[in-house]
Amino acid sequence: MRYDLIIRNGVCVLPWGEAETDLGVLDGRIAALGVDARAEAAETLDATGLHVLPGLIDAHVHLRDPGDAAIESIPTGTRAAILGGIATVFDMPNTSPSITSAETLDWKADYVRRESYTDFGFYVGATRSNTDRLDEYETRAGVCAVKLFAGSSTGDLMIEDDAGIEAVMRNGRRRIAFHSEDEYRLQARKPQFGAGMPYDTHRIWRDEECAFLGTRRIMALARKTGRPAHVLHVSTAEELGYLKDFRDVATVEVLVNHLTQIAPDCYERLGGLAVMNPPIRDRRHYEASWAALRDGTIDTVASDHAPHPMAAKRRAWPDCPAGLTGVQTIVPVMLDHVNAGRLSLARLADLMAAGPARVYNLAAKGRIAAGYDADFTLVDMQARRTISNDWIVTPCGWTPFDGMDVNGWPIATILRGSVVMRDDTVIGPPRGRLARFAW
Ligand SMILES: [Zn+2]
């Protein structure tokens, strides 16, 4: 037997458990689990001492393209992703212009095929004026889901009222991804806070009830319409408890930052570099997030990579924009959590590969199994590294995890059989393709 690539001597994280199995790849797909010692290959990768995970997926990034390439773009953001051990990203639609029409969807699909280093899915934004066309848009090539901002967005990319949200839910059938903070409560509370207040005010203004109320409203509409919802960046103990009763209509995303940083400490230490939406909250919510990760409430973990220039992030609250870089750091930070005993590698593969595949109906990715795309993230669980700003290739050049010592590091990223990153080096030109979805 002759393969294109054989990965030898690694410990594979398979859907049914860890196993020392050599992997054979042919034509970009996994051809064999268990490879004869005499089998030949164009390329053999020795994974001795490494764990082989399914190619990890960051299902929530904002690559700001079209936008300002000095901050981030699809080529720079997907390069950051493969350096960080991510094989596939799903990109958000709130760009300039936003991705809300047939023309912008076509433009983005074309551009991604030329310029992306990762495989790529993208969201179509729901607006009041495209609501009746979303059933068509959600089935276009590369579209992972409709994204609905029920709060906390700008321009036409926000639908904050129940009637508007219900109209979107009644057009189409795939799972809709929601930003669910309640816009009315956010606006009503805003005048209580202002210039001169500390960064920690961000979480006081956007309090637990803003998030919980938004999620209760979405769940009521999901039950009413039967339309499944993916609740993005769930950040409160209250929502995580509540959502356990909505598993028929809801899946749950939690962000790596909410599993890693704790208020008020993060605001005191990082200032504007801790400001994101929904906000990083206190220890009670951090503990609830880990409990929900352990009991299976959480389906996916993502970064919500949302770069801004450092100068803007240094502005005083409330003038500093919300959003943090994260696509390059999510894997090292999560591996550190694995080494600290907070979750297993199998659960990490569930949250960042099988989970996104299940939630978005992603085809042929998310697990190491015959016939699936030969996407792998190879990690060294013994590696000790320090995350630093100078490692970050996103043009804005900073990470809230600068200076963090981590145990565990991504060593190689393999995309449909091509080694696209090895030992902190990007190999070859952009080779990304549109992710495929079934529904
Ligand atoms: Zn986001």
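Just above sits the structure.
The following paragraphs examine the structure supplied in this document. (Residues numbered from 1 in each chain as written. Predicted model: local features only at pLDDT ≥ 70, side-chain atom pairs only at ≥ 80, totals over all residues.)

## Observations concerning the overall build of the protein chain
Condition: Strands are runs of DSSP state E lasting at least 2 residues, helices are runs of H or I lasting at least 4, and numbering of each runs from the N terminus. Backbone-placed C-beta atoms define the burial measure: a residue is buried with 20 or more other C-beta atoms within 10 Å of its own, exposed with 12 or fewer, and partly exposed in between. With C-beta atoms placed from the backbone, a contact is any residue pair whose C-beta atoms sit within 7 Å.
The helix and strand inventory of the protein chain stands at 13 helices and 19 strands. C-alpha atoms of the protein chain, sized along the principal axes, occupy 70 × 45 × 40 Å. In the protein chain, which comprises 439 residues, the proportion classed as buried is 56%. Relative to all contacts within the protein chain whose residues are 6 or more apart in sequence, the contacts with residues 24 or more apart total 74%.

## So, the sheet that holds strand E12 (residues 176–179)
Put simply, the rule reads: The criterion for strand pairing is that DSSP finds at least two bridges linking the strands in question. Axes here mean lines fitted to C-alpha atoms, for a helix over just the part in contact, with angles spanning 0 to 180 degrees between N-to-C directions.
Strand order in the open sheet formed by eight strands is E8-E9-E10-E11-E12-E13-E14-E15, and the pairing between neighbours is parallel. Two strands lie at the open edges of the sheet, namely strand E8 (56–61) and strand E15 (300–302), each paired on one side alone. Adjacent strand axes in the sheet meet at a mean angle of 30°, parallel and antiparallel pairs treated alike. As judged from the four bridges shared by strand E10 (residues 119–125) and strand E11 (residues 143–149), these two strands associate in the parallel manner. By the bridge assignment, valine 124 is partnered in E11 with valine 146.

## Here we look at helix H13 (residues 345–360)
Put simply, the rule reads: Helices are assigned an expected span. That span is 1.5 Å times one less than the residue count. At every residue, the bend is computed as the angle between two fitted axes, covering the seven residues ending there and the seven beginning there respectively.
Here H13 is 16 residues long and its end C-alpha atoms lie 22 Å apart, about the 22 Å a rise of 1.5 Å per residue gives. Of all bends in H13, the biggest is about 40°, found at alanine 354, and the proline proline 356 comes one to four residues later. Taking burial as the measure, the 16 residues of H13 include 13 buried ones, the bulk of the element.

## Some thoughts on the sheet that holds strand E3 (residues 17–20)
Strand order in the open sheet formed by seven strands is E3-E2-E7-E16-E17-E18-E19, and the pairing between neighbours is mixed. Strands at the two margins of the open sheet, each flanked by one partner only, are E3 and strand E19 (425–426). Running over the sheet, helix H12 (residues 330–339) touches strand E16 (376–386) and strand E17 (405–415) and is turned about 125° from E17. Strand contacts of H13: strand E2 (11–14), E3 and strand E7 (51–54), with the helix running at about 30° to E7, the strand carrying the most contacts.

## Quick notes on the nonpolar core
Note the cut-off: Nonpolar cores are identified as sets of buried Ala, Val, Leu, Ile, Met, Phe, Trp, Tyr and Cys residues joined via C-beta atoms within 7 Å.
Counting residues in hydrophobic clusters, the biggest one holds 115 residues, and the most contacted among them are Val52 and Leu148. With sequence-adjacent residues up to four places away left out, leucine 148 is seen in contact with Ala126, Ile159, Ile165, Val168, Ile176 and Phe178. One finds Leu273, Ala274, Ile280 and Leu324 within the second-largest nonpolar core, a separate group that totals 13 residues.

## A short note on unusual backbone geometry
Across the junction of alanine 263 and proline 264, the peptide omega takes the value 0°, indicating a cis bond. One non-glycine residue, asparagine 9, lies in positive phi territory at about 70°. Assignment of secondary structure puts asparagine 9 in the loop between strand E1 (2–8) and E2. Asparagine 9 sits in the partly exposed class, given 14 other C-beta atoms within 10 Å. Unlike most non-glycine residues, aspartate 27 shows phi in positive territory, near 55°. Here aspartate 27 lies in the loop between strand E4 (23–26) and strand E5 (29–33).

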